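What follows is each chain in one-letter form.
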Amino acid sequence: GAQSRWVTVNGIRIHYYVVGPEDAPPALLIHGLGGHAEDWRNLMPSVKAAGRRVYMPDLPGYGRSEWPKDFSYSISDEAAVMVRFMDALGLKRVDLAGWSMGGWVAQEIAIGHPDRVAKLMLFDSAGLHQKPAWDLALFTPTTAAQLDQLDALLMPHPPRVPGFIATAMLKESHEHAWVMHRAINSMLAGTSTTDDELPRLKMPVLLVWGSEDQIIPVAEGEQMHKLIPQSELDVVNGCGHLAPVQCADRIGPKVEQFLKSGQ
């Protein structure tokens with residue numbers, strides 16, 4: 001039932017999905033590195049069930065949105081586009097969610113524009129000043145073996161990927177590699193890490209983590225929980241970095257409860 005729409009923001013054509021009653025409070029869901037709006041397909045129904053109109057954009061450089069060559073793909077610039085996206089659609093205040101890199105973007109928005117964020121939800125989120133313990137080159141795999149290694153990092157017990165699907169995925173990875181490299185280099189620079197800023201957040205915050213996440217280990221979720229005194233931390237046993245897709249049946253009720261609380 002989601003509608004596919006487009007809007008131009010800062011000269012960039014942004015694709016997004018929207019679903020839910022037009023008069024319902026808005027929720028904005030931001031995907032992660034290498035992702036797209038459809039990544040929220042399993043969790044979106046719970047956000048909608050909480051009485052929200054749900055907006056799911058493709059960030060610049062991802063999904064169906066434009067890939068401008070002169071864009072930095074940094075966390076701060078992606079966050080700035082999302083704020084202007086809200087302006088373009090008349091969304092004065094939203095419940096904001098971000099997953100992985102998208103969680104970092106969401107933190108940047110919440111820190112810089114706290115009046116625009118009613119509630120914040122972070123799923124297996126990046127943002128802290130932590131260097132990954134795994135090979136970042138795996139996010140732009142060039143061989144089937146690297147693709148298998150990436151899958152093993154992203155999820156416990158990954159399924160076998162048929163050869164023809166692996167070939168298609170590697171082709172797409174090659175086409176997106178320059179965007180990914182810019183984004184990764186920006187994150188590694190550490191200029192917008194949020195460790196010192198998170199204690200300033202005042203809005204309700206829900207942290208959701210897969211217990212088996214190898215990309216951003218649950219220890220980072222625990223650290224965020226310590227830095228945000230009013231936050232809730234929900235660790236989902238047996239789930240990895242793709243928890244919002246693969247474990248949405250267990251995460252959804254918590255998300256719905258969180259959004260309905262205090263209404």
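To keep things clear, this report deals only with the structure shown in the data block. Residue positions are given per chain, counted from 1 along the sequence in the order it is written. Confidence filtering applies because this is a predicted model: local features only for residues at pLDDT of at least 70, side-chain atom pairs given and counted only at 80 or more, and all residues used for totals across whole chains, interfaces and linings. Calculation of side-chain values draws on the structure's entire complement of heavy atoms; hydrogens and water are dropped beforehand.

**Remarks on the state of the cysteines**
What counts is decided by this rule: Our working definition of a disulfide is a cysteine sulfur pair at a distance within 2.5 Å. Under the scheme applied here, a residue whose accessible area is under 20% of the maximum for its type counts as buried, over 50% as exposed, and between as partly exposed, the area being computed with a 1.4 Å probe on protein chains only.
In this structure the tally under the stated criterion is 1 disulfide. The side chain of Cys239 participates in a disulfide bridge whose partner is Cys247; the two sulfur atoms lie 1.9 Å from each other. In this structure, the disulfide formed by Cys239 and Cys247 twists by about -110° around the S-S bond and is classed as left-handed. Of the residues examined, Cys239 reaches a relative accessible area of 1% and is grouped as buried. A residue is classified by how much of its surface remains accessible, and Cys247, at 7% relative accessible area, is buried.

**Focus on the nonpolar core**
Applicable threshold: Nonpolar cores were defined as sets of buried Ala, Val, Leu, Ile, Met, Phe, Trp, Tyr and Cys residues, with membership established by side-chain atoms within 4.5 Å. Throughout, a contact is declared for two residues whenever any of their heavy atoms are within 4.5 Å.
Counting residues in each nonpolar core, the largest one holds 59 residues, and the members touching the most others are Leu33, Phe85, Leu96, Ile109 and Leu120. Those residues in contact with Phe85 that sit more than four places away from it in its chain are Val7, Val9, Ile14, Tyr16, Leu28, Tyr55 and Pro57. One finds Leu29, Met121, Cys239 and Leu259 within the second-largest nonpolar core, a separate group that totals 28 residues.

**Focus: the pairing of strand β2 (residues 12–19)**
This is how it is decided: Comment: elements are numbered from the N terminus, with helices defined as DSSP H or I runs of at least four residues and strands as E runs of at least two. Any two strands with at least two DSSP bridges between them are considered paired.
Burial analysis of β2 places 7 of its 8 residues in the buried class, the great majority of the element. Two strands pair when backbone bridges link them, and strand β1 (residues 3–9) and β2 are joined in this way by 7 bridges, in the antiparallel orientation. Opposite Arg5, over in β2, you have Tyr16 as the bridge partner. The pairing of β2 with strand β4 (residues 53–57) spans 4 bridges and is classified as antiparallel. Looking at β4, one finds that Val18 is bridged to Tyr55.

**Examining the environment of Glu172**
Take Glu172: it is sitting in helix α5 (residues 163–189). Judged by its relative accessible area of 43%, Glu172 is partly exposed. Residues Glu172 and Gln257, spaced 85 residues apart in sequence, show a C-alpha to C-alpha distance of 37 Å.

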